[in-house]
Amino acid sequence: MIQVTDEELTHLTKIASEIKYPKGQIIFSTGQRTNEIYFIKSGLVKIYRTTSDGRQVSVALRYPGDFIGLAEVLSNVNEREYGAQAMDRVSILIIWKDSFKEMLAEMPEFAEKIIRLMSDRLREAQNTIYDFIMNPIQGRLAMLLLNMAERVGNKGADGIIHVRLQVTQEELACVIGSARQTISSLLNLLREDGSIQYEGREIVGVNPNKLKAWIQK
């Protein structure tokens, strides 16, 4: 995620169309032509790839303030290799690639931010490979929940990150490469341990110190 200034956001809004997506809606899919850049104003988006047998494999989560669809457009790939799906109610600015490239040329500081963003995502991909090798399922789940909470939650005076994570067990399983039944058992363990707090079916609190104890470095 990058820090978009008010001036940059105003410019984006002028050249973009705002679309709202309900939970579960496909934003773009594999094979779609790469004509647009997407800026997430609110909500959570899953980036995935579809296997030959039709299964979805999640490769990343994107949050408010993130751009998606960048890699294919900036590398001049004609078709998207990945898809994007709304994981809750999502509001997105859609910018045509020619307008986006003009903005990069006209606003060099903004262009530099995009370069840093792409570099950060490369490091993120490398770190994800390392973490998946080093950590069993429970460690990967703890890392995912901690990252999500830190990105969209608010830390209270008690050290608890207060958040509402409206993600299903199946979605969590898809992201970290596990089975839903395994995720269900692990979430129960994390709740009993005090690492996470529930309200109904939603995770509403995360204890970062307890979650970190599950993660192998």
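None of the values given here were measured: they were computed from a predicted structure.

This paragraph deals with the overall build of the protein chain. If you tally the helices and strands in the protein chain, you get eight helices and 12 strands. Over its C-alpha trace the protein chain gives a radius of gyration of 18 Å, about what one expects of a compact globule, namely 17 Å for 217 residues. On the principal axes, the C-alpha backbone points of the protein chain span a range of 50 × 45 × 35 Å. Counting only contacts in the protein chain whose residues sit at least 6 apart along the sequence, the fraction spanning at least 24 positions is 72%. Roughly 11700 Å² of accessible area belongs to the protein chain as shown, and the carbon and sulfur atoms make up 49% of that amount. Side-chain charges of the protein chain comprise 27 positive and 27 negative groups, with the mean position of each set lying 4 Å from the other.

Right, let's get into the UniProt feature "domain: Cyclic nucleotide-binding" (unreviewed entry) in the protein chain. Residues given the UniProt feature "domain: Cyclic nucleotide-binding" (unreviewed entry) here are residues 1-121. Between the end C-alpha atoms of residues 1-121 there is a gap of 9 Å, over a span that is 32% helix and 35% strand.

A few words on the packing of helix α5 (residues 137-152) against helix α7 (residues 180-193). Two measures define how a pair of helices packs: the angle their axes make with one another and the distance between the axes. Where α5 meets α7, the axes come as close as 11 Å, and the angle between the chain directions of the two elements is 70°. Taken together, the axes of α5 and α7 lie roughly perpendicular to each other. In this structure, the crossing between α5 and α7 has a hand that is right-handed. Listed contacts from α7 to I137, Q138, L141 and L145 of α5 are T182, I183, L186, L187 and L190. Its residues placed into classes, the contact of α5 with α7 shows seven nonpolar, two polar and no charged.

Let us look at the pattern of salt bridges. Tallying each qualifying case throughout the model produces 12 salt bridges. Between K20 and E18 there is a salt bridge, with its nearest N and O atoms 3.4 Å apart. The exposure class of K20 is exposed, given its relative accessible area of 62%. The partner of R123 in a salt bridge is D120, with the nearest N and O atoms 2.3 Å apart. Placement of both R123 and D120 in helix α4 (residues 108-134) is noted, with a separation of three residues, approximately one turn of the helix. Within the structure, one salt-bridge network assembled from shared partners comprises E18, K20 and K41.

The next thing to look at is the pairing of strand β10 (residues 161-165). Covered by surrounding structure in β10 are I161, V163 and L165 only, the residues H162 and R164 on the alternate face being uncovered. Sheet topology places strand β9 (residues 154-155) next to β10; two bridges connect them, and they run antiparallel. When the bridges of β10 are listed, K155 appears paired with I161. Between β9 and β10, which pair antiparallel in sequence order, lie five residues; one of them, G159, sits at a positive phi of approximately 85°. Relative to strand β12 (residues 202-206), β10 runs antiparallel, the two being bridged by three bridges. If you follow H162 over to β12, its bridge partner there is G205.

Within the largest apolar cluster, 30 residues are counted, with the highest numbers of intra-cluster contacts made by L61, L141, L145, M148, L172, L187 and V206. Secondary structure elements with two or more residues in this core: α5, β10, α6 (169-176), α7 and β12. Per-element accounting of this core gives the leading share, nine residues, to α5. Per-domain counts for this core show at least three residues from each of domain 1 (6-131) and domain 2 (136-216). In this structure, A16, M103, L104 and F110 belong to the second largest nonpolar core, which totals 18 residues.

We now examine α5. For α5, with 16 residues, the first-to-last C-alpha span of 23 Å sits near the 22 Å given by 1.5 Å per residue. Those residues of α5 lying buried are I137, G139, R140, L141, A142, M143, L144, L145, L146, M148 and A149.

Let's shift gears to the sheet that holds β9. With antiparallel pairing, the four strands of this open sheet are ordered in space as β9-β10-β12-β11. The open sheet terminates on both sides in strands that have one partner only, identified here as β9 and β11 (196-199). Pairing of β11 with β12 involves four bridges; the strand directions are antiparallel. Bridge pairing in β12 places Y198 opposite I203. Along the sheet face, α5 touches β10, β11 and β12 and points at about 100° away from the line of β10.

Cut-offs and rules
- Residues numbered from 1 in each chain as written.
- Predicted model: local features only at pLDDT ≥ 70, side-chain atom pairs only at ≥ 80, totals over all residues.
- Heavy atoms only, no water.
- Helix = DSSP H or I, 4+ residues; strand = E, 2+ residues; numbered from the N terminus.
- Rg over C-alpha atoms; globule rule 2.2 N^0.38 Å.
- Contact = heavy atoms within 4.5 Å.
- Areas by Shrake-Rupley, 256 points an atom, 1.4 Å probe, with all protein chains shown as cover.
- Lys, Arg positive; Asp, Glu negative; His and termini not counted.
- Charge placed at Lys NZ, Arg CZ, Asp CG, Glu CD.
- UniProt positions renumbered as here; feature names shortened; annotations may be inferred.
- Axes fitted to C-alpha atoms, helices over the stretch in contact; angles between N-to-C directions.
- Parallel < 35°, antiparallel > 145°, perpendicular 65-115°, else oblique.
- Left-handed = near helix turned anticlockwise from the far one by under 90°.
- Nonpolar A, V, L, I, M, F, W, Y, C, P; charged D, E, K, R; others polar.
- Salt bridge = Lys/Arg side-chain N within 4 Å of Asp/Glu carboxyl O.
- Buried < 20%, exposed > 50% of the residue type's maximum accessible area, 1.4 Å probe, protein only.
- Pairing = 2+ DSSP bridges.
- Core = buried A, V, L, I, M, F, W, Y, C linked by side-chain atoms within 4.5 Å.
- Domains from an automatic or database assignment.
- Expected span 1.5 Å × (residues − 1).

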